[in-house]
Amino acid sequence: MGERRTWGSSLGRHTCLYDLAVALGARMVDFGGWDMPVAYGSQIEEHQAVRHAAGVFDVSHMCVVDLIGARTRELLSRLLANDVARLSVPGGALYSCMLNEQGGVIDDLIAYFMADDHFRLVVNAATRDKDLAWIGSHAIPLDVRLLVRCDLAMLAVQGPLARQRTATLLAADAASAAMSLPPFHGAQIGEWFIARTGYTGEDGFEIMLPAGDAAKLWQGLNGAGVRSCGLGARDTLRLEAGMNLYGNDMDDHTNPLESGLAWTVAFAPTQRDFIGRGALERIRVSGSAHKRIGLVLEERAVLRSHQRVIVPGVGEGEVTSGTYSPTLARSIGLARVPAATGSLVQVEVRNRILPARAVRPPFVRHGRALIQLQS
């Protein structure tokens, strides 16, 4: 595995957050070579805190990189499957996949429009090195500079009360600016960049701030009634919200059209030649052989990645993500299956063939079940 990484950085920064997590009693686990908290207590209670009130996650392991140069928009127009031309107001955010020539997903990321010559990307920790190499190789001819923001930590405050409780810790003018942000927009407020984004299916903020400020903010949030949350709750929340996890639900060998991410691909205007466009155009014409579905298991068992999905008379697929849903009180998952799959499938769980329903994600959004449950 190589040298172990301190929670929050490949460079060993933000050790104050690691120390704070340990002091708060977090159970630490290896996460791709990183020491990170899986839970601070009850994972289910952390999950429910985010669904009904507010929770805070440290996501400083994510890679924040600023792209600076007059041709930055041109670069991202080529690199991203979604269209950065949609970003016209400073602080605007765009979710997109970054594809290879075959249409495979190199990574999924959020791009923020900071200024005409400045965009900010937040990419996944596990893909950091390959992302920076890929972006950098295309940036050189356009004279765009990459600045990896090793000085920043990143906290996600999520839940129906997250914004209000965060605002109580801000100065009046900063609180007003933060509370006025529309969804999927951010703003530079002093030294902090506050964005109304997240990965839980709830409202809230993602805050990028100087690393030295992070522990104090965390403790302030706890004091304001925001619960400390770990990786376990983050995964159950994102899966209930039907959100993909890179490396599970899509990767270099799968494309957005078969991964439930067709909505992130901007085929218009037709003259925008983003990397991977040709491969996706061919798939659109021929039809994708696979699609993404949600799964609901009505029997008492737990769905997990790589379990076999059987579609009688059609073929087979695979569970890409699975977990127990605290909100729905049953097992749910995402799966990649043959395109002809209908509403009824079977899943092999520990050598048992169990019936399951195919549904359209998300399962839960803003605390409300979006699928019909069977008694």
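Anything mentioned here points back to the structure above.
Conventions adopted
Residues numbered from 1 in each chain as written. Predicted model: local features only at pLDDT ≥ 70, side-chain atom pairs only at ≥ 80, totals over all residues. Heavy atoms only, no water. Helix = DSSP H or I, 4+ residues; strand = E, 2+ residues; numbered from the N terminus. Rg over C-alpha atoms; globule rule 2.2 N^0.38 Å. Buried < 20%, exposed > 50% of the residue type's maximum accessible area, 1.4 Å probe, protein only. Contact = heavy atoms within 4.5 Å. Pairing = 2+ DSSP bridges. Axes fitted to C-alpha atoms, helices over the stretch in contact; angles between N-to-C directions. Phe/Tyr/Trp six-rings, centres within 6.5 Å; stacked < 30°, edge-to-face > 60°.

Colleague: Which residues make up the overall build of the chain, and what are the values?
Modeller: A count of helical and extended segments in the chain gives 9 helices and 21 strands. The C-alpha atoms of the chain give 21 Å as radius of gyration, which agrees with the globular expectation for 375 residues (21 Å, within 12%). The burial tally for the chain puts 57% of its 375 residues in the buried class. Sequence-distant contacts, at least 24 apart, represent 67% of the contacts inside the chain between residues at least 6 apart.

Colleague: Could you give me a rundown of the sheet that holds strand S10 (residues 186-189), with the residues and numbers involved?
Modeller: Pairing within the open sheet is mixed, and its 6 strands lie in the order S10-S11-S12-S9-S3-S13. Only two strands of the sheet have a single neighbouring strand rather than two, namely S10 and strand S13 (227-228). Pairing geometry for strand S9 (residues 152-158) and strand S12 (residues 204-210), over 7 bridges, is antiparallel. The partner of Ala153 across the bridge, within S12, is Leu209. Sitting on the sheet, helix H6 (residues 172-179) touches S10, strand S11 (192-195) and S12, and the angle it makes with S10 is about 170 degrees. Where helix H7 (residues 211-223) meets the sheet, its contacts fall on strand S3 (55-58), S9, S11, S12 and S13, and the angle it forms with S12 comes to roughly 145 degrees.

Colleague: For the packing of aromatic side chains, give the residues involved together with the corresponding values.
Modeller: Counted according to the given criterion, the structure contains 5 aromatic pairs. Centre to centre, the rings of Tyr112 and Phe193 are 5.1 Å apart; their planes meet at 80 degrees, and the pair counts as edge-to-face. Of this pair, Tyr112 sits in strand S6 (residues 105-115) while Phe193 sits in strand S11, and the two are 81 residues apart along the sequence. Comparing Tyr112 with Phe193 shows no difference in burial state: the two are buried.

Colleague: Explain the pairing of strand S15 (residues 308-311) to me, using residue names and the numbers behind them.
Modeller: Successive side chains on a regular strand alternate, one facing one side of the sheet and the next facing the other. As judged from the 4 bridges shared by S15 and strand S16 (residues 315-325), these two strands associate in the antiparallel manner. Residue Val311 lies in a different strand from S16, and its bridge partner there is Gly315. Two successive antiparallel strands, S15 and S16, enclose a turn made up of 3 residues, where Gly313 displays a positive phi of approximately 80 degrees. Pairing of S15 with strand S18 (residues 344-349) involves 2 bridges; the strand directions are antiparallel. Pairing of Val309 across the sheet is with Val347, part of S18.

Colleague: Please provide a residue-by-residue account of unusual backbone geometry, values included.
Modeller: Looking along the chain, the bond that leaves Ala268 and enters Pro269 is cis, with omega of 0 degrees. Tracing the backbone through its elements, the reader meets Pro269 in the loop between helix H8 (231-240) and helix H9 (277-286). With an omega of 5 degrees, the peptide bond running from Pro361 to Pro362 counts as cis. With phi around 60 degrees, Ala329 is a residue other than glycine that occupies positive phi space. The residue Ala329 is located in the loop between S16 and strand S17 (330-338) in this model.

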